[in-house]
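Breakdown of the fold
Here is how the chains run, residue by residue.
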Amino acid sequence: MILTTAYEVPGKDYEIIALVNGNTVQSKNAFKDIGAGLKSIVGGELGSYKKMISEARETVTERMVQMAEDLGADAIIGIRYGSSSIMEGASELFAYGTAIKFK
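Residues numbered from 1 in each chain as written. Predicted model: local features only at pLDDT ≥ 70, side-chain atom pairs only at ≥ 80, totals over all residues. Heavy atoms only, no water.

Some words on the side chain of Thr61
How we decide: The secondary structure listing takes helices from DSSP runs of H or I that are at least 4 residues long and strands from runs of E that are at least 2 residues long, numbered from the N terminus. Between buried and exposed lies partly exposed: a residue is buried under 20% and exposed over 50% of the maximum accessible area for its type, with that area taken using a 1.4 Å probe on protein chains only. Contact between two residues is taken to exist if any of their heavy atoms lie within 4.5 Å; hydrogens are not considered.
With respect to the helices and strands, Thr61 occurs in helix 2 (residues 47-70). Owing to a relative accessible area of 14%, Thr61 belongs among the buried residues under this scheme. Setting aside residues up to four positions removed in sequence, Thr61 forms contacts with Leu3 and Tyr81.

Dropping the structure here:
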C-alpha cells in the first residue's frame, strides 16, 4: 500500500475509489498528568505524551489502511492528520485520504 500526502502518484494512471479514514480517542492518565505537570515546570519534552501520540498515529493509520484494503485500493493519496478535543481529558486523533486503484 502506497501512502502519500501528495494528491497524485506521478506516472501512474488510477481511479478514485473512496474517501477512507481512521480514528481513535485517547484519554489522559492521571499519573502521566502529574509527571507532565512537574516536567512542564522545568521544561523539556513530555515523553509519555509523545509516546501516546505516536501510538495513536500508528493506530489511525492502520485503521485507514485497513479500510482502503477492504475496498481493494492500491494506495492512499492526500493523507492528512488532525485532532480534536472530545471532552475534558480526551482527544480524538484522525487520519483521512483518498483511496485509489491503479489501472
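There's plenty left to go through after this.
Some words on a nonpolar patch on the surface
We count it as follows: Patch membership requires more than 30% relative accessible area and the absence of a salt bridge. Residues of like charge join within 9 Å; the nonpolar side chains Val, Leu, Ile, Met, Phe, Trp and Tyr join within 5 Å. In these tables, accessible area is a Shrake-Rupley quantity obtained with a 1.4 Å probe, and a residue counts as shielded only by the protein chains included in the view. What makes a salt bridge here is a side-chain nitrogen of Lys or Arg within 4 Å of a carboxyl oxygen of Asp or Glu, nothing more.
Side chains of Ile17, Met67 and Leu71 sit close together on the surface and give an oily, nonpolar patch of about 220 Å² of accessible area. Among the structural elements, Met67 can be located in helix 2. Look at Met67 and you get partly exposed, because its relative accessible area is 31%.

Thoughts on the environment of Ile53
The residue Ile53 is located in helix 2 in this model. Counting along the chain gives 40 residues from Ile53 to Leu93, while the straight-line C-alpha distance between them is 8.4 Å.

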